[in-house]
Amino acid sequence: MNRRIASILAVLFVVNYAWAQNYTQQQQPFKGVIGKTLADSKESWTKPVTAPQGAPNVIWIMLDDVGFGAAATFGGVIRTPYFDTLASKGLRYTNFHTTGICAPSRAALLTGRNHHYVHMGGFAHTSLAAGFPGYDGRIPSDKGTIAEVLRENGYNTFAVGKFGITPDEDGTDAGPFDRWPLGKGFDHFFGFLGSQTDQYKPDLVEDNAHVKPDGRHLNEQITDKAISYITRQQKVASSKPFFLYYAPGATHAPHQVAKEWSDEYKGKFDDGWDAFREKVFANQKKLGIIPANAVLPDRDPMIKAWNTLSPDERKLYARFMEVYAGYLTYTDYEIGRLINYLKASSQLDNTLIFVVIGDNGASKEGSLTGDIDRFVMFQTTDEENIRHNLAKIGEIGTPEGSQANYPLGWAQAADVPFRYWKQDANAEGGTRNPLIVYYPKGIKDAGGIRTQYGHLIDLLPTTLEITGIQPPKYIRGIKQDTIQGTSLAYSFNNAAAPSRHRIQYYYIYGSRSIYKDGWKAEVYHHPDYVEISRTLNTPPAVKKNNFDTDVWELYNLNTDFTERINVAAKYPVKLNELKALFDKEAKKNNVYPMIDWEDAIRQRLKPIGK
């Protein structure tokens, strides 16, 4: 075989391989002429897909389990200087919402559609999914992701960190891979597929295979990988925009971070969670994050007053929070490395960045007394766990702290100014998270605050509007369903614009609510996750879900920012109107049948194949 033939065959191999991998180059009907010879034929090529002229790079950053009041950018006391910088040159949205828990939030974000509507009402885990459209954990192909949409329109697409929406059954190296990140539109992926992973020994995946971690903190690894993806792409296609989904496992448990970061906060939380709440609440008012007439809700009855704790408890709990704070500041630092790279490579000014500080409220999964190296919610008494944790206090934040998570008192503190926590879809404390939008080419009111109502499903249509891309009718030959979100671009340069996202339902394992134009009806469903964990060894004789006896509450968020005053008795007509609206939205979005934590934890759900 001569060199010329070998060269042609090599090119043909590369072309065929690229065609198999690049779904964006969808062949169009042939429009040329086919004769018997080249001389009497006319060639016709499918025009390569390119992004709209001047379309910006796009970065979506989503953190994990960060409460509304944690980061200094939104009034907290935990340093986040790179978030501060992005916010000072962009916008802070203070009325932005997630679903209340991680997998539903990620599914809603990536698809621009409600979580039950895309079959992620709970999780894609075998033990938590159910064989109903709203709960099977399998996002249908007619509900394409932002990565699929942008790749079809000339973008390169990368994802690093937590994916969290791949069914457990698909998560081995045997696949199938259509619900892995590459099957959902990403050119490259580096991170983990599940809900939680060790930051030093992660269950690590690159593209379509598991790989061995190198021992460094996962935050460092995903940042390096994100930079390398962009660098390689820009070297050969500098005019081609990219989309990066950067989703660190932070600050989900386990809280693990080098001692240099946690020691920065040594002694900073010795005054405890009550003082923390008061300080952050005052900061939020000073910064204009919350209204001047907002009132801080009382400490939850489950949480002990800090001044009633023993010296050992205070020492233990303060250390938990020092590690958490160091973890969040370190995560901000790694995001800062990415931002500095973009700045140094002259790409930052043409990049649209969204930073969602948390996929839900602060975690309630660390129990009342915290967790270090075992999942304690269903295993032990408070007294025994305190003794265990005190003996291992030096392991909090280290690789040995494989389940490290702070006590519930700190979760409430991190959620200031709101009540309740992650999982609580009835409450703003479970569903309201800070949003930063950075886009110097399109935002004139640098440093501004926006109060328009928003939700994760809004970021996809916002991105499409800014990039000049129309929602696709088809992706890879599959007709696409309606995008449910509402673009937030209208508010970029109009702080007074009325909210366009006017109705939103919420439902996570029994807790539920419905929002419309500032009014909110909600149910705190019992038993919740914490209550079940404390009574798991005394199972009921029969199933006793109390959906019919759940008590609906009503709040006017226009005048009661922190959901303190239940006005259900005063406005029964409004309450009934919203209850009917919830039923309508639930039917439309596959919320029924209602499944709660008791169903899941007591293993009443039938696993696939059983």
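Above this text sits the structure in question.
What counts as what
Residues numbered from 1 in each chain as written. Predicted model: local features only at pLDDT ≥ 70, side-chain atom pairs only at ≥ 80, totals over all residues. Heavy atoms only, no water. Phe/Tyr/Trp six-rings, centres within 6.5 Å; stacked < 30°, edge-to-face > 60°. Helix = DSSP H or I, 4+ residues; strand = E, 2+ residues; numbered from the N terminus. Buried < 20%, exposed > 50% of the residue type's maximum accessible area, 1.4 Å probe, protein only. Lys NZ or Arg CZ within 6 Å of the ring centre and 35° of its normal. 1 Å grid on protein atoms, 1.4 Å probe; cavity = no way out; pocket = protein on both sides within 12 Å on 5 of 7 lines; lining within 4 Å. Points joined across faces, edges and corners; volume = space filled by probe spheres on them. Nonpolar A, V, L, I, M, F, W, Y, C, P; charged D, E, K, R; others polar. Polar contact = N/O pair within 3.5 Å; in protein donor to acceptor, adjacent residues only side chain to side chain. Contact = heavy atoms within 4.5 Å.

Caption draft 1: The arrangement of the packing of aromatic side chains in detail. Under the counting rule described, the total for this entry stands at 29 aromatic pairs. Each ring, one from Phe68 and one from Phe418, has its centre 5.3 Å from the other, and the planes form 75°; the classification is edge-to-face. Taken together, the positions of Phe68 in the loop between strand 1 (57-62) and helix 2 (81-88) and Phe418 in the loop between helix 10 (408-414) and helix 11 (428-431) put the pair 350 residues apart, joining distant regions of the chain. Here Phe68 and Phe418 have matching classes, each one buried. Taken together, Tyr265, Phe269, Trp273, Phe276, Trp306, Tyr317 and Trp410 form an aromatic cluster joined through their ring pairs. It is Lys143 that lies over the ring of Tyr117; its NZ or CZ is 5.1 Å from the centre.

Caption draft 2: Representation of empty space enclosed by the protein in the model. Enumeration according to the criterion identifies 3 cavities of 30 Å³ or more in this entry. Lining the largest cavity, in full, are Lys364, Gln423, Asp424, Ile508, Tyr509, Ser511, Tyr524, His525, Pro527, Asp528, Tyr529 and Trp597. Tallied by class, residues from the lining of the largest cavity come to 6 nonpolar, 3 polar and 3 charged. Estimates place the volume of the second largest cavity at around 40 Å³. Gly137, Arg138, Ile139, Phe163, Ile165, Pro167, Arg179 and Lys184 are the residues that line the second largest cavity. Here the lining of the second largest cavity is built from residues that sort into 4 nonpolar, 1 polar and 3 charged.

Caption draft 3: Inspection of the side chain of Gln452 at higher detail. Residue position: Gln452 is located in the loop between strand 11 (448-450) and strand 12 (454-455). According to the relative accessible area criterion, Gln452 is buried, its value standing at 2%. Here Asn494 takes part through its backbone oxygen, which lies 3.3 Å from a polar atom of the side chain of Gln452. Apart from residues no more than four positions distant in its own chain, Gln452 is found in contact with Tyr93, Asn95, Tyr490, Ser491, Asn494, Ala495, Ala496, Ala497 and Ser499.

These values are about where atoms sit, not about what they do.
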